[in-house]
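Breakdown of the fold
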Amino acid sequence: MKQFDVNRPEFLPYGFTCELWRPARMPRPDKHSEVELNWLKAGSLTYLLGGRRITVPARRLAVFWAAIPHQIVAFEGHSPYYVVTVPLGEFLGMGLPPSFTHPLLEGSLLLEPRPDPADRFRFPQWEQELRLGDPARERPVRLEIQARLLRLALDVARAPAAPCPEPALSRADQLACYIARHYQQPLTASRIAAAHGLHPNYAMNLFRRAFGTTLIAFLTRHRLCHAQRLLVTTDEPILQIALASGFQSLSRFNEVFKKVCGCSPREYRKAHRTPASNLRRAPAGVRRPSTRPASPRRRSS
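The present account deals with the structure reproduced in this document. (Residues numbered from 1 in each chain as written. Predicted model: local features only at pLDDT ≥ 70, side-chain atom pairs only at ≥ 80, totals over all residues. Heavy atoms only, no water.)

1. Side note on the sheet that holds strand β7 (residues 81-86)
Let me state the cut-off plainly: Strands pair, by our definition, only if DSSP identifies at least two bridges between them. Only runs of H or I of at least four residues qualify as helices and only runs of E of at least two qualify as strands under DSSP, and these elements are numbered from the N terminus. Contact criterion: two residues are considered in contact whenever any of their non-hydrogen atoms come within 4.5 Å of each other. The angle between two axes is taken between their N-to-C directions and runs from 0 to 180 degrees, where each axis is a line fitted to C-alpha atoms and a helix contributes only its stretch in contact.
Reading across from one edge, β1-β7-β2-β5-β8 is the order of the five strands in this open sheet, with antiparallel pairing throughout. The open sheet terminates on both sides in strands that have one partner only, identified here as β1 (17-21) and β8 (110-111). Pairing of strand β2 (residues 35-40) with β7 involves six bridges; the strand directions are antiparallel. Note that in β7 the partner of L37 across the bridge is V84. Packed on one face of the sheet, helix α2 (residues 98-105) meets β5 (62-65) and β8 and runs near 60 degrees to β5. Sitting on the sheet, helix α3 (residues 119-131) touches β1, β2 and β7, and the angle it makes with β1 is about 110 degrees.

2. Topic: the side chain of R148
Note the cut-off: Think of it in three bands: residues with accessible area under 20% of the maximum for their type are buried, residues over 50% are exposed, and the middle band is partly exposed, with areas taken using a 1.4 Å probe on protein chains only. In protein, a polar contact requires one atom able to donate a hydrogen and another able to accept it; more generally it is a pair of N or O atoms within 3.5 Å, and residues adjacent in sequence count only if both atoms are side-chain atoms.
The residue R148 is located in helix α4 (residues 135-158) in this model. Of the residues examined, R148 reaches a relative accessible area of 0% and is grouped as buried. Looking at R148, its side chain comes within polar contact range of the side chain of E112, at 2.7 Å. Look past the residues within four positions of R148 in its chain and what remains in contact with it is L61, E112, D116, D119, R122 and W126.

3. Observations regarding the packing of α3 against α4
Helix packing for two helices is described by the angle between their axes and how far apart those axes are. Inclusion rule: Oblique is the label for any angle not under 35 degrees, not over 145, and not in the 65 to 115 range, which are roughly parallel, roughly antiparallel and roughly perpendicular in turn. Left-handed describes a crossing in which the near helix is turned anticlockwise from the far one by less than a right angle; the clockwise case is right-handed.
For the pair α3 and α4, interaxial distance at closest approach is 10 Å and the crossing angle is 150 degrees. Here α3 is positioned roughly antiparallel relative to α4, judged by the angle of their axes. Of the two possible hands of crossing, α3 and α4 adopt the one that is left-handed. Contacts between α3 and α4 involve D119, R122, W126, E129 and L130 from the first element and R137, E138, V141, E144, I145, R148 and R151 from the second.

4. Section: the pattern of salt bridges
The cut-off we apply is this: Here, a salt bridge means any side-chain nitrogen of Lys or Arg that lies within 4 Å of a carboxyl oxygen of Asp or Glu.
Applying the stated criterion to the full structure yields twelve salt bridges. For D119, the salt bridge identified is with R148, shortest N-O distance 2.8 Å. Of this pair, D119 sits in helix α3 while R148 sits in helix α4, placing them 29 residues apart in sequence. Judged by relative accessible area, D119 falls into the buried class, the value being 0%. The closest approach of N and O atoms between E127 and R131, which form a salt bridge, is 2.9 Å. Pair noted here: E127 and R131 are both in helix α3, with a separation of four residues, about one helical turn. Looking at E127, the relative accessible area reads 13%, which means it is buried. Because the salt bridges share partners, they merge into one network encompassing E112, D116, D119, R122 and R148.

5. Details of the sheet that holds strand β6 (residues 70-76)
Spatially, three strands are ordered β4-β3-β6 in an open sheet, and the strand pairing comes out antiparallel. Each edge of the open sheet is held by one strand with a lone partner, namely β4 (52-57) and β6. Direction aside, the axes of adjacent strands within the sheet are offset by 25 degrees on average. Taken together, the six bridges between strand β3 (residues 44-49) and β6 define a ladder with antiparallel strand orientation. Note on β6: the bridge partner recorded for L49 is H70.

6. Side note on the nonpolar core
One broad rule of soluble globular proteins: the nonpolar side chains tend to lie buried together. Put simply, the test is: For the purposes of this section, nonpolar cores are sets of buried Ala, Val, Leu, Ile, Met, Phe, Trp, Tyr and Cys residues that join through side-chain atoms within 4.5 Å.
Counting residues in each nonpolar core, the largest one holds 68 residues, and the members touching the most others are F91, F100 and L149. Aside from chain neighbours lying at most four places away, what touches F91 is V35, V86, L96, F100, T101, L104 and L149. Membership of the second largest hydrophobic core comes to 20 residues, among which are Y178, A193, L198 and L215.

7. A look at the packing of aromatic side chains
Using the following cut-off: Two rings from Phe, Tyr or Trp (for Trp, the six-membered ring) form a pair when their centres sit within 6.5 Å of each other. Planes less than 30 degrees apart are called stacked, planes more than 60 degrees apart edge-to-face, and all others tilted. Put simply, a charge is over a ring when the Lys NZ or the Arg CZ is close to the ring centre, within 6 Å, and near the line of the ring normal, within 35 degrees.
Within this structure, the stated rule accounts for eleven aromatic pairs. With centroids separated by 5.2 Å and ring planes inclined at 55 degrees, the aromatic side chains of F247 and F253 adopt a geometry described as tilted. Judged on exposure class, the residue F247 and its partner F253 are both buried. Three or more aromatic residues joined by ring pairs form one cluster here, namely W39, Y82, F123 and W126. The residue whose ring lies beneath R8 is Y14, and the NZ or CZ to ring-centre distance is 3.5 Å. Note that R142 overlies the ring of F16, its terminal NZ or CZ placed 4.1 Å from the centroid.

Okay, structure coming up:
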């Protein structure tokens, strides 16, 4: 049974998996490029996902893009839960409706409106068959997971107003939410702290104790996630993507992207390219800044 490894490098791929995990608080966020499915037999998991606390209840399938920083900060019960990971390229090639894929790539967790009784048989079977390591048995599992996601997309479309339970926010959560909502703007630790009436040093220590990372590292993760989404879902120029994601220059964007992702933005786009028919310009409402790089003095990550 698996549990999160705090020493795991960011963006190290899991690949195509269905495994049993032991519920536990995560000392820091995880981040990998696969789409992740969670299904719990009992209890619940509470994630900090993209600056929001979201509780996943038992027996309702939850799906999110795991390139968004996600961290289990609370759980109820000790029953193991199932985790399915699907490589992004495979997920994008499943023919799922844009009304389902776009919210995922924009950082939403999609929660099934009501339990599907068949899941209590599906997930154990997938886990057992993939554990055999037999490619012949892996193929039907892939097809069944694709079919399960198609059904979920239909169920979510029929019940778009079904909310995810969202617990009250602590002060540290409020800082995370502020970053998640304003990461496209020029931000510093001082500005983030001032927005909540806190001294910068106090805010930074509070955030590190709660989430195991710094304010600026968390900010940078959000900017990179936004850039990854635009790289794989639009044909926007890389400079525009860098600026729309909150980076103040192309050189800084390239430097941070390669350090964290292990490849250049251009290489990442090529590896995860969405089929041409699904490419689009940046979504309406996305900030389109001037292409003129800002002064280095404004650099904040």
